[in-house]
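In case you want the letters, here they are:
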Amino acid sequence: MKVSRVAVWQKTLPLAKPYWLSGGRLKFEALDSTFVRLETDEGLSGWGEGCPWGHTYLPAFGGGIRAAMEVLAPALLGRDPRHIEALNRTMDVALPGHLYAKAPLDTALWDLLGQSTGLPLHALFGGAEGEVVALNSSISTGTPEEMVASIEAARAAGYRTHSAKVGGREPALDIARIDAIEAARQAADFVTYDINRAWTPAVAVEVMNAVSASGWFEQPCETLDQCIQVRRLTRQPIMLDECLQSFQDHLDAWKAGACEGIKVKPNRVGGLTKVKRVRDFGVSVGWRMHIEDVGGTVLADTAALHLALATPEENRLASWLCHPHLADDPMPGQGARNDGGLAELPAVPGLGVTPGPRLAWRVGRRLRLAA
Ligand code: MG
């Protein structure tokens, strides 16, 4: 089997309502997503999606993915898509770094491997652990009252784990947000506080030592070293997200004792192949992990949740779905869906999500294997 054609699409995904992170420092109203379809000479096609959650969240943006395709797609043409490790090395030689840009192509390779072997992705990732994946909500930064109301609405939709976005410039307001959420928290609720890099170490220490939160604090500061400093001066468990991109970053975090858990996101670390290595390392060292993607439609959500389902439950926290935040659902009914706070994964071969031809996407450049 050979890759015979690479097709690339761009699609703007408006959010159903504006979303604030980092205490209101970062606002998002639409996401820029890139879809790739790898076609083969045997008639199979594999799909992948790259959606960096805007251009202010990570050192990544949609235009960067599409520019990188000019280099990466020709490197895959004519190659056997089932040789995934070899093709990842090929992409790393063709374009060092730029990890996020490789993720949609890598997802499409796994989709093809699954289809060609008759196995769903979670079987390729080690096999299902349990029947379903527990889901967590994502609560936009707001006033204490707004955030409590958002958690109540998420609870009504079945969510029991909530990721509340804090991280403002005023420590007193973040303390008020956390105190209000903890006061309204029900016994079955588990709330993590995601700062999204916004605090200085001094503010992190001040806020975290002033509240009595039982949950995790996620990415309190910009850099790994700053988070390590906070770790030494506070008592709550810490989770890391944005500062971990390469495998070396994860190794450094472990060696420094920086965290008890991490976010595991294919589109942050370079695709399913590289994120599976991170997942395996996390299991080896006993981390607990939220396994989900950075953003996108149900296609990106489902790819990540296949890996979550194949991860031991003691190492797995709940997973977030991005697609319920979108104004439109371009693949209705497909993939991992919220059903009372839980999601089942497609049992069909491959990824199990296929965008339909009815989509009016702007078609980008298509690269075809020369005869
Ligand atoms: Mg986060």
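On a predicted model such as this, the values are computed, not experimentally measured, just so you know.

Around the magnesium ion, the protein contributes the donor atoms Asp 194 (OD), Glu 218 (OE) and Asp 241 (OD), which lie 2.0 to 2.4 Å from the metal centre. When its relative accessible area of 1% is taken as the criterion, Asp 194 is described as buried. Judged by relative accessible area, which is 1%, Glu 218 ranks as buried.

Glancing now at the packing of aromatic side chains. Going through the model one piece at a time under the given rule, you end up with 10 aromatic pairs. On the numbers, 4.9 Å between centres and 65° between planes, the contact of Trp 110 with Phe 125 is edge-to-face. With a gap of 15 residues between them, Trp 110 in helix H3 (residues 99-117) and Phe 125 in the loop between helix H4 (121-124) and strand E4 (133-139) connect regions that are remote in the sequence. Using a relative accessible area of 9% as the deciding quantity, one classes Trp 110 as buried. Residue class for Phe 125 comes out buried when judged on its relative accessible area of 2%.

Further remarks concern the domain arrangement of the protein chain. On domain assignment, one finds that the protein chain holds domain 1 (3-118 + 354-370) and domain 2 (123-343). The straight-line distance from the C-alpha centre of domain 1 to that of domain 2 is 23 Å. Across the contact, 45 residues belong to domain 1 and 48 residues belong to domain 2. Of the roughly 3500 Å² buried between domain 1 and domain 2, counting both surfaces, carbon and sulfur atoms make up 58%. Of all residues in domain 1, the largest losses of buried area upon contact with domain 2 belong to Tyr 19, Tyr 57 and Trp 110, amounting jointly to 18% of the total for that side. There are two salt bridges connecting domain 1 and domain 2. For Arg 277, the salt bridge identified is with Glu 85, shortest N-O distance 2.7 Å. At the boundary of domain 1 with domain 2, the tally comes to 20 residue pairs in polar contact (both at pLDDT 80 or more).

When the terminal C-alpha atoms of helix H1 (residues 62-76) are compared, their 20 Å separation across 15 residues agrees well with the 21 Å that a helix rising 1.5 Å per residue should span. The largest bend in H1 is about 45°, located at Met 69. Among the residues of H1, Gly 62, Gly 64, Ile 65, Ala 68, Met 69, Leu 72, Ala 73, Ala 75 and Leu 76 are the ones counted as buried. With its phi angle positive at about 85°, Gly 78 sits one or two positions after the end of H1.

The next thing to look at is the packing of helix H6 (residues 171-184) against helix H7 (residues 201-208). Relative orientation of the contacting elements H6 and H7 amounts to 40°, with a least axis distance of 10 Å. Seen from above, H6 lies across H7 with right-handed handedness. Residues Pro 171, Asp 174, Ile 175 and Ile 178 of H6 lie in contact with H7, whose contacting residues are Val 203, Glu 206 and Val 207.

Another point: the packing of H1 against H3. At their nearest, the axes of H1 and H3 sit 9 Å apart, and the two run at 55° to each other. It follows that H1 is oblique to H3 by the angle criterion. Every pair of crossing elements has a handedness; the one defined by H1 and H3 is right-handed. Judged by residue contacts, Gly 64, Ile 65, Ala 68, Met 69, Leu 72 and Leu 76 of H1 engage Tyr 100, Ala 101, Lys 102, Pro 104 and Leu 105 from H3. Along the lines of polarity and charge, the residues of the contact of H1 with H3 split into nine nonpolar, one polar and one charged.

By secondary structure assignment, the location of Arg 197 is in the loop between strand E6 (190-194) and H7. Taking the C-alpha atoms as reference, Arg 197 lies 16 Å from Pro 52; in sequence the two are 145 residues apart. If sequence neighbours within four positions are ignored, Arg 197 has contacts with Arg 25, Leu 26, Thr 56, Tyr 57, Gln 219, Pro 220, Cys 221, Glu 222 and Glu 242. Within polar-contact distance, the side chain of Arg 197 engages the backbone oxygen of Thr 56 at 3.2 Å. Within the structure, the side chain of Arg 197 is placed 3.3 Å from the side chain of Glu 222, a separation counted as a polar contact.

Moving on: H7. Since the α-helix packs 3.6 residues into each turn, any two residues three or four apart lie on the same face. Turning to H7, its buried residues are Pro 201, Val 203, Ala 204, Val 207 and Met 208. All buried residues of H7 project into a common sector of 160° when viewed along the axis, lining one side.

Here we come to the state of the cysteines. Scanning the model with the defined rule gives zero disulfides in all. We note that Cys 227 lacks a disulfide partner, and the nearest cysteine sulfur, in Cys 221, lies 5.1 Å from it. By relative accessible area, Cys 227 is classed as buried at 0%. Looking at the unpaired Cys 259, the closest cysteine sulfur is the one in Cys 243, lying at 7.9 Å. Overall, Cys 259 belongs to the buried group, its relative accessible area being 7%.

The rules we used
Residues numbered from 1 in each chain as written. Predicted model: local features only at pLDDT ≥ 70, side-chain atom pairs only at ≥ 80, totals over all residues. Heavy atoms only, no water. Donors = N, O, S within 2.8 Å, 3.2 Å for Na, K, Ca; no water. Buried < 20%, exposed > 50% of the residue type's maximum accessible area, 1.4 Å probe, protein only. Phe/Tyr/Trp six-rings, centres within 6.5 Å; stacked < 30°, edge-to-face > 60°. Helix = DSSP H or I, 4+ residues; strand = E, 2+ residues; numbered from the N terminus. Domains from an automatic or database assignment. Contact = heavy atoms within 4.5 Å. Buried area = accessible area lost by both parts, 1.4 Å probe. Salt bridge = Lys/Arg side-chain N within 4 Å of Asp/Glu carboxyl O. Polar contact = N/O pair within 3.5 Å; in protein donor to acceptor, adjacent residues only side chain to side chain. Expected span 1.5 Å × (residues − 1). Bend = angle between axes of the 7 residues up to and from the residue. Axes fitted to C-alpha atoms, helices over the stretch in contact; angles between N-to-C directions. Left-handed = near helix turned anticlockwise from the far one by under 90°. Parallel < 35°, antiparallel > 145°, perpendicular 65-115°, else oblique. Nonpolar A, V, L, I, M, F, W, Y, C, P; charged D, E, K, R; others polar. Arc of directions from axis to C-beta. Disulfide = S-S within 2.5 Å.

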